[in-house]
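Listed below are the residues making up each chain.
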Amino acid sequence: MEVKKIFVVGAGFMGAGIAQVGAQAGYEMHLYDIAPAAVEKGIAGINKLLTKKVDKGSMTQEALDEAMALIKPSTSLDDAADVDLVIEAVYENADLKRDIFGKLDAICKPECIMATNTSSIPITSLAVAVKDQSRFIGMHFFSPVPVMRLCELIRAIKTSDETIAVVAEVAQKMGKTTVVAKDVPGFIVNRINSALRCEAYKCLLEGVASIEDIDTAMKLGANLPMGPFELADFVGLDVNYNVLSQLYAGYKNPHFAPSLILEKLVTAGDLGRKTGKGWYDYTSGEKKPRTDIKF
Ligand SMILES: NC(=O)c1ccc[n+]([C@@H]2O[C@H](COP(=O)([O-])OP(=O)(O)OC[C@H]3O[C@@H](n4cnc5c(N)ncnc54)[C@H](O)[C@@H]3O)[C@@H](O)[C@H]2O)c1
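In short, a report on the structure. (Residues numbered from 1 in each chain as written. Predicted model: local features only at pLDDT ≥ 70, side-chain atom pairs only at ≥ 80, totals over all residues.)

Okay, the site of the ligand next. The full set close to the ligand counts 23 residues, and Gly 10, Gly 12, Met 14, Ile 34 and Ser 143 are the nearest of them. Of all elements in the fold, only helix 1 (13–24) and helix 4 (94–107) reach the threshold of two or more residues within the shell around the ligand. Sorting elements by how many residues they give to the shell around the ligand places helix 1 first, with 3 residues. Here the shell around the ligand is composed, by residue class, of 14 nonpolar, 7 polar and 2 charged. (Near = placed C-beta within 6 Å. Helix = DSSP H or I, 4+ residues; strand = E, 2+ residues; numbered from the N terminus. Nonpolar A, V, L, I, M, F, W, Y, C, P; charged D, E, K, R; others polar.)

What follows is about the packing of helix 2 (residues 36–56) against helix 3 (residues 61–69). Viewed as axis vectors pointing N to C, helix 2 and helix 3 meet at an angle of 165°, and their least axial separation amounts to 9 Å. As judged from the angle between their axes, helix 2 and helix 3 are roughly antiparallel. Every pair of crossing elements has a handedness; the one defined by helix 2 and helix 3 is right-handed. Across from Asn 47, Leu 50, Thr 51 and Val 54 in helix 2, the residues of helix 3 making contact are Gln 61, Leu 64, Ala 67 and Met 68. (Axes fitted to C-alpha atoms, helices over the stretch in contact; angles between N-to-C directions. Parallel < 35°, antiparallel > 145°, perpendicular 65-115°, else oblique. Left-handed = near helix turned anticlockwise from the far one by under 90°. Contact = placed C-beta atoms within 7 Å.)

On to the sheet that holds strand 3 (residues 71–74). Ordered by their spatial adjacency, 8 strands build an open sheet running 3-2-1-4-5-6-7-8, and the pairing between neighbours is mixed. With one partner strand each, in any of the chains shown, strand 3 and strand 8 (177–182) form the two edges of the open sheet. The mean inter-strand angle of the sheet, taken between neighbouring strand axes irrespective of direction, is 25°. Pairing of strand 4 (residues 85–88) with strand 5 (residues 113–116), which is carried by 4 bridges, proceeds in the parallel orientation. Bridge pairing in strand 5 links Glu 88 to Thr 116. On the sheet, helix 2 packs against strand 2 (28–32) and strand 3 and is oriented at approximately 165° with respect to strand 3. (Pairing = 2+ DSSP bridges.)

On to the nonpolar core. Counting residues in hydrophobic clusters, the biggest one holds 55 residues, and the most contacted among them are Val 8 and Val 86. In terms of residue count, helix 1 provides more of this core than any other element does, 6 residues in total. If near-sequence neighbours (up to four positions away) are discounted, Val 8 is found in contact with Gly 15, Ile 18, Ala 19, Met 29, His 30, Leu 31, Tyr 32, Ile 87 and Ala 89. One finds Phe 229, Ala 232, Val 239 and Leu 247 within the second-largest nonpolar core, a separate group that totals 23 residues. (Core = buried A, V, L, I, M, F, W, Y, C linked by C-beta atoms within 7 Å. Buried ≥ 20, exposed ≤ 12 C-beta atoms within 10 Å, placed from the backbone.)

Counting buried residues in helix 9 (residues 228–235) gives 7 out of 8 residues, a clear majority hidden from the surface. All of the buried residues in helix 9 are Pro 228, Phe 229, Glu 230, Leu 231, Ala 232, Asp 233 and Val 235. Positive backbone phi, at 115°, marks Gly 236, one or two positions downstream of helix 9.

All quantities given are derived from atomic positions and should not be read as evidence of function.
Laid out in structure tokens, this is it:
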């Protein structure tokens, strides 16, 4: 099966990124959101990012025009009637996602493949929303989508080999390296990264070292581009908390239990870079150790 038209559901941070890399790969990308303003914002954001590339000389104006012409705004699920692949990127809510897939299943052609970009919901628990679960798959991009090179493909219990092969080709054309994972909590990256982050939180709570020293140690000693606390602030402590909660529930392993200090920071609204404070303080415009609380 050859994919030509793709319908992206949710024009937020991830959906817009997926529409961008899809259009750059030559696919006709339909970008849908329940909020028309989100579609406009998403497309304007893509145009801005590509314009920067043209200004820097890494892209021609002609390539920008071609990519932008392939992005079709949509405010109706009915526009998915003749697409070959759906990629869903709405809020991380299983009921919402199942509801959307159920509606799309009645609209899309029978051979259309359904993919979800969920970071933590079991793929099989979403696949039940469609009649033919062999065409359902997890397609987990990383943020920011145009920059991050990986796409994890997640095999739900009934996903067919053909579905995996078709979606792998699409992701690779979008410039991503693909890996295939079973449908387990956290898949590959979030599972292993979370285990590392939990160990970092334990080191902090045991007084092994400061936040800054743990980050420095892991950057220089383990060759990570960001320390575990810096990365948690970048991703968002709320996201981190939710992923850990899912892993804890999924594996029933206390190792993944979100630490109390993480829970308190989230409750206090200190979610990392996006709120100005997390494990570090960014309110001055630079990353500084926090002086207002003792860890
Ligand atoms: N942000 C990340 O780093 C990241 C990384 C990998 C995967 N994900 C996953 O991608 C998905 C989207 O995350 P995001 O960060 O782009 O979220 P976001 O909040 O930026 O965007 C979500 C979009 O979904 C839209 N939406 C809500 N209900 C809808 C509906 N009924 N129909 C159509 N659109 C609807 C919203 O209007 C919004 O524009 C989530 O499942 C998330 O777990 C996020």
